[in-house]
Amino acid sequence: MRWIIFLVVFVVADFYAYQALKTVSKNNWIHLLYWIITVLVVGNFVFQYYGLNRRDGFTHAHAYAFGFLVLIVVPKMLLIGIMFAEDIFRVPQALFRYFTEGDTAKGKYMPSRRGFISKLALGLAALPFASILYGIYKGKYNFKVLKYTLSFQDLPEAFDGYKITQISDIHSGSFDNKDKVSYAVDLINEQKSDVIFFTGDMVNNKAEEMLPYVEVFNKLKAKDGLFSVLGNHDYGDYVNWSSPEAKRKNLDDLKSIQKQIGFDLLLNESRYIKRGEEKIAIIGVENWGVGGFKQAGDLKKAVKDISKDDFKVLLSHDPSHWDHEVVKDDYHYHITLSGHTHGMQFGIEIPGWFKWSPVKWRYKHWAGIYEQLGQYINVNRGFGYLAFPGRVGIWPEITVIELKKGLHNA
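Keep in mind that this is a model prediction, so the values were computed, not measured. (Residues numbered from 1 in each chain as written. Predicted model: local features only at pLDDT ≥ 70, side-chain atom pairs only at ≥ 80, totals over all residues. Heavy atoms only, no water.)

(A) Looking closely at a nonpolar patch on the surface. Taken together, the side chains of L78, F116, L120, L124 and L127 present a nonpolar region at the surface, about 470 Å² in accessible area. Counting residues per element, the nonpolar patch draws most heavily on helix α4 (residues 115-137), which supplies four residues. Inspection of the secondary structure puts L127 in helix α4. The exposure class assigned to L127 is exposed, which follows from its relative accessible area of 55%. (Patch = residues over 30% accessible without salt bridge, like charges linked within 9 Å, V, L, I, M, F, W, Y side chains within 5 Å. Areas by Shrake-Rupley, 256 points an atom, 1.4 Å probe, with all protein chains shown as cover. Salt bridge = Lys/Arg side-chain N within 4 Å of Asp/Glu carboxyl O. Helix = DSSP H or I, 4+ residues; strand = E, 2+ residues; numbered from the N terminus. Buried < 20%, exposed > 50% of the residue type's maximum accessible area, 1.4 Å probe, protein only.)

This is the structure in structure tokens:
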């Protein structure tokens, strides 16, 4: 029933958007092509999500069906908005004619659409169309290295200049180009950081998604090792398993894969990285998030073997954990590293000046560095992508943070 409602609403809205093309071009072949493309894209989407091809989990076919739907829907929404704005003026004119001219108008009360407005609408709609097409074709592998320097008065002297690389949200089940992934792994190694942290969501649903990429991520190297935590997708909660045992085995398999790559997976645990007599604490919690996400993270358990006075780096997949539990904890977590949001894979960013994404309405902290009560969180925009097979304006991220001893950052 839902897909029938979806189709009815879509057809009505689409016919409205079509008026812009109809006004600009009288070529029936162009009109036919418009509807053929629309039917193919929408039909494929309905088939993938509600038809015979529906499967457990989320496949590449599902992703591209959704991606191409977004490709045509967003520009058409813009067309609808502009057509509606024009009708705000056309409808009053029609009513005025109806009540003042009567029969002299010969029934033609509604003024014709202006070609200029329709051409403007189509031109503006081409911008999101081109951006989304680029995001699907190239944007999802447009890796960016973002560098930050954070200063702390209580940073141990031996760690002055210590470099951290963070990646998050690999979502290996979405990848379709191993060479691009390999390039990104090389880019991580080129940063020559002291340690590499991965903050969860290695797969979309199943551990087997990572198998083709084990040899690629095996190349990751850092002097002080690789540390990781689990994200909400890593538990296999979004798949209909044949039995609880099958689900547990999937998680065990994923843990084994992480170990095979070289990650020290922290499951509500802590480790120390030492430089001579000085050290910093690395704490990793399981996923903890609001809004229906798993809350397996146990901060108290994770810090039972460390001191309150230690300099602390916390790995926690979901930034809502920082908001709700971490930032007001009396242990004072100097840096929290998170991911999860992907920056919604869509937005506008002008580095150092402006950033916006619809995800800001869901997450207070959704991309980049934030500070509160003398503590920092970095929300990584994600290494991979999920559902929508691309990125527009919010590019895949490799974060490099250099720790400095000194006055707290302003």
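(B) Region of interest: the side chain of N378. With respect to the element layout, N378 can be found in strand β13 (residues 375-379). For N378, a relative accessible area of 0% puts it in the buried group. A distance of 2.7 Å separates a polar atom in the side chain of N378 from a polar atom in the side chain of Q166. Ignoring sequence-local partners within four residues, the contact set of N378 consists of Y148, Q166, T336, L337, S338, G368, I369, E397, T399 and I401. (Polar contact = N/O pair within 3.5 Å; in protein donor to acceptor, adjacent residues only side chain to side chain. Contact = heavy atoms within 4.5 Å.)

(C) Quick look at the sheet that holds strand β6 (residues 269-275). Spatial ordering of the open sheet is given by β6-β7-β8-β9-β13-β12, a layout of six strands whose pairing is mixed. Two strands bound the open sheet, and with one partner strand each, they are β6 and β12 (368-372). Ignoring which end each strand starts from, the neighbouring axes of this sheet average 20° apart. (Pairing = 2+ DSSP bridges. Axes fitted to C-alpha atoms, helices over the stretch in contact; angles between N-to-C directions.)

(D) Layout of the pattern of salt bridges. Under the counting rule described, the total for this entry stands at 18 salt bridges. The partner of K247 in a salt bridge is D237, with the nearest N and O atoms 2.6 Å apart. Highlighted residues: K247 in helix α7 (residues 244-261) and D237 in the loop between β4 (226-228) and α7, separated in sequence by ten residues. Here K300 ties to D329 by a salt bridge, and the two come within 3.1 Å at their closest N and O atoms. Linking K300 in helix α8 (residues 299-302) with D329 in the loop between α9 (320-326) and β9 (335-338), this pair joins segments that are 29 residues apart in sequence. Judged by its relative accessible area of 13%, D329 falls in the buried class.

(E) Geometry of the nonpolar core. Within the largest apolar cluster, 34 residues are counted, with the highest numbers of intra-cluster contacts made by M202, F217 and F383. Elements with a contribution of two residues or more to this core: α5 (178-190), β3 (195-198), α6 (214-217), α7 and β5 (263-265). In terms of residue count, the dominant contributor to this core is α5 (five residues). Apart from residues lying up to four places away in sequence, M202 is in contact with I170, H171, S172, M210, D234, L254, Q258, I261 and F263. (Core = buried A, V, L, I, M, F, W, Y, C linked by side-chain atoms within 4.5 Å.)

(F) Local environment of the packing of aromatic side chains. Scanning the model with the defined rule gives 22 aromatic pairs in all. Seen from their ring centres, F143 and F383 are 4.9 Å apart, and the 40° between their planes marks the pair as tilted. You can see F143 sitting in the loop between α4 and β1 (144-152) and its partner F383 sitting in the loop between β13 and β14 (397-405), a full 240 residues away along the chain. A relative accessible area of 7% places F143 in the buried class. One residue, K294, lies across the ring of Y235, its end atom 4.8 Å from the ring centre. (Phe/Tyr/Trp six-rings, centres within 6.5 Å; stacked < 30°, edge-to-face > 60°. Lys NZ or Arg CZ within 6 Å of the ring centre and 35° of its normal.)

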